[in-house]
Amino acid sequence: MQVKRFNEKFTKAWDQIVWQANNGTIFHTRQFLAYHSQDRFIDHSLIFYKKNRPYVLLPAAEVISVPEKMLISHPGASMGSFVVPEDLSIANALELVESLNSYAKNQGFSGVRITLPPTIYNKRQSNYIDFSLLQCGYQYFKREVSSILFLEDSIEENLAKFNPAHQRAVRKAQRMDVDVRQTDDFESFYEILRKNLKTRHGVEPTHTVAELKSLKILFPDHIQLNGAFVKDIMIGGVVN
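Draft legend 1. Summary view of the overall build of the protein chain. Summing up its helical and strand segments, the protein chain has eight helices and ten strands in all. Over its C-alpha atoms, taken along the principal directions, the protein chain stretches across nearly 65 × 40 × 35 Å. A total of 240 residues make up the protein chain; the buried ones form 37% of that total. Roughly 15,400 Å² of accessible area belongs to the protein chain as shown, and the carbon and sulfur atoms make up 51% of that amount. Each charge class in the protein chain was averaged separately, 29 positive and 26 negative side chains, and the resulting centres sit 3 Å apart.

And the structure:
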């Protein structure tokens, strides 16, 4: 398996592979990664070739902190790791990780850090990459929790899965005539987001409001803002 560094000429082909892959998301596309300013990250994304054809992608960047040089999942995205085809075998997964290790050593990297996406994003469920990373010497740096709500056939069945406090909140919202709908009012949403993060966690939002609006333009069919309104005043919202 050959490993080559990404170059701009491969941009269109890269995104085509992402959308056809087993686990590709908008976070893996060049369209998403490229919206960051060029001087923010040193892009070091990789393309893995099998039989001289592009087979697997790895969005990545290099971080230099003397004396170390690390290859990491692209920090401009929420998730990273290999973008793989549906028919990936365990043998191919092991070869991928071994190829990555050899490449990293030859390029003078002192280590590799990969952010694995939740398996819910896989079309075909597999833990081949996780297994191969552990087999090839990787260790968990940290773990995070993902929550998944499988949707039932009716609103009532979904509400039955909520805890009592959340069920009461839904009934309160109904009494207040809260209207939930899609909106493009990112400014109102951002003000709510900024205040909540500051009050609860003492941090600023990951993206600026200008970046959110830019991403919405880049991915009109993939990014939605749902707002909760009382008398046409937004009181809450979520970007999906």
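The rest of the description comes next.
Draft legend 2. The packing of helix α3 (residues 90-106) against helix α4 (residues 128-135), seen in detail. Between α3 and α4, the shortest axis-to-axis distance is 9 Å and the interhelical angle comes to 50 degrees. Taken as axis vectors, α3 and α4 run oblique relative to one another. In the packing of α3 onto α4, the handedness of the crossing is right-handed. Residues Ile-90, Ala-93, Leu-94, Leu-96 and Val-97 of α3 touch α4, and the partners they reach there are Tyr-128, Ile-129, Phe-131, Ser-132, Leu-133 and Gln-135. Per-class residue counts for the contact of α3 with α4 are nine nonpolar, two polar and no charged.

Draft legend 3. Summary view of unusual backbone geometry. Positive phi values are uncommon outside glycine, yet Asn-52 reaches one of about 65 degrees. Of note, Asn-52 is situated in the loop between β3 (46-50) and β4 (53-58). Residue class for Asn-52 comes out exposed when judged on its relative accessible area of 64%. The residue Asp-177 is not glycine, and still its phi comes out positive at about 60 degrees.

Draft legend 4. Region of the structure containing the pattern of salt bridges. One pass over the structure, following the stated rule, counts eight salt bridges. Here Lys-213 ties to Glu-187 by a salt bridge, and the two come within 2.5 Å at their closest N and O atoms. One end of the pair, Lys-213, is in helix α8 (residues 209-218); the other, Glu-187, is in helix α7 (residues 186-201), and 26 residues separate them in sequence. Of the residues examined, Lys-213 reaches a relative accessible area of 35% and is grouped as partly exposed. Note on Glu-187: relative accessible area 41%, which makes it partly exposed. Through salt bridges that share partners, Asp-179, Arg-181 and Asp-232 make up one connected network.

Draft legend 5. Highlighting the sheet that holds β3. Strands sit in the order β1-β3-β4 across an open sheet of three strands; the sheet is antiparallel. Each edge of the open sheet is held by one strand with a lone partner, namely β1 (2-5) and β4. Pairs of neighbouring strands in the sheet enclose a mean axial angle of 30 degrees, with direction left out of account. On top of the sheet, helix α1 (residues 11-20) reaches β3 and β4; it is set at about 75 degrees to β4, its chief contact. Where α3 meets the sheet, it contacts β1, β3 and β4, and its direction lies at approximately 130 degrees from that of β3.

Draft legend 6. Local environment of the sheet that holds strand β10 (residues 233-239). Strand order in the open sheet formed by three strands is β8-β9-β10, with antiparallel pairing between adjacent strands. Both edges of this open sheet fall to β8 (179-182) and β10, since each of them pairs with a single strand only. On average, adjacent strands in this sheet sit at an angle of 25 degrees to one another, irrespective of strand direction. Looking at chain direction, strand β9 (residues 225-230) and β10 are connected through six bridges and run antiparallel.

Draft legend 7. Main features of the packing of α7 against α8. For the pair α7 and α8, the least separation of the axes is 10 Å and the interaxial angle reads 135 degrees. Viewed along their axes, α7 and α8 adopt a mutual orientation that is oblique. Considering how the two elements wind past one another, α7 and α8 form a crossing that is right-handed. Of α8, the residues touching α7 (which contributes Phe-186, Glu-187, Phe-189 and Tyr-190) are Val-209, Leu-212, Lys-213 and Lys-216. Classifying every residue of the contact of α7 with α8 by side-chain character gives five nonpolar, no polar and three charged.

Criteria and cut-off values
- For every chain, the first residue of the written sequence is number 1, and numbering continues from 1 along that sequence.
- In keeping with the model being predicted, local features are shown solely for residues with a pLDDT of at least 70 and side-chain atom pairs are shown and tallied solely at 80 or more, while totals for entire chains, interfaces and linings include all residues.
- Values shown for side chains rest on all heavy atoms present in the structure; no hydrogens or waters enter the calculation.
- Here a strand is any run of E in DSSP of at least two residues, a helix any run of H or I of at least four, and the numbering for each starts at the N terminus.
- Throughout, exposure labels follow a simple rule: accessible area from a 1.4 Å probe, protein chains only, divided by the maximum for the residue type, with under 20% read as buried, over 50% as exposed, and the rest as partly exposed.
- Surface exposure here means Shrake-Rupley accessible area, sampled with a 1.4 Å probe, where a residue is shielded only by the protein chains that are shown.
- Positive charges come from Lys and Arg alone, negative charges from Asp and Glu alone, with His and the N- and C-terminal ends not counted.
- In plain terms, the charge of a residue is placed at NZ if it is Lys, CZ if Arg, CG if Asp and CD if Glu.
- With axes taken as lines fitted to C-alpha atoms, and helix axes fitted only over the stretch in contact, angles between N-to-C directions fall between 0 and 180 degrees.
- The cut-offs work like this: below 35 degrees is roughly parallel, past 145 is roughly antiparallel, 65 to 115 is roughly perpendicular, and the gaps in between are oblique.
- Handedness of a crossing is defined here by the sense of rotation of the near helix relative to the far one, left-handed for an anticlockwise turn of less than a right angle and right-handed for a clockwise turn.
- By the convention used here, residues are in contact when the closest approach between their heavy atoms is within 4.5 Å.
- Under this grouping Gly is polar, as are all residues other than the nonpolar Ala, Val, Leu, Ile, Met, Phe, Trp, Tyr, Cys and Pro and the charged Asp, Glu, Lys and Arg.
- The rule for a salt bridge is simple: a side-chain nitrogen of Lys or Arg has to be within 4 Å of a carboxyl oxygen of Asp or Glu.
- Criterion used throughout: strands pair if DSSP finds at least two bridges between them.

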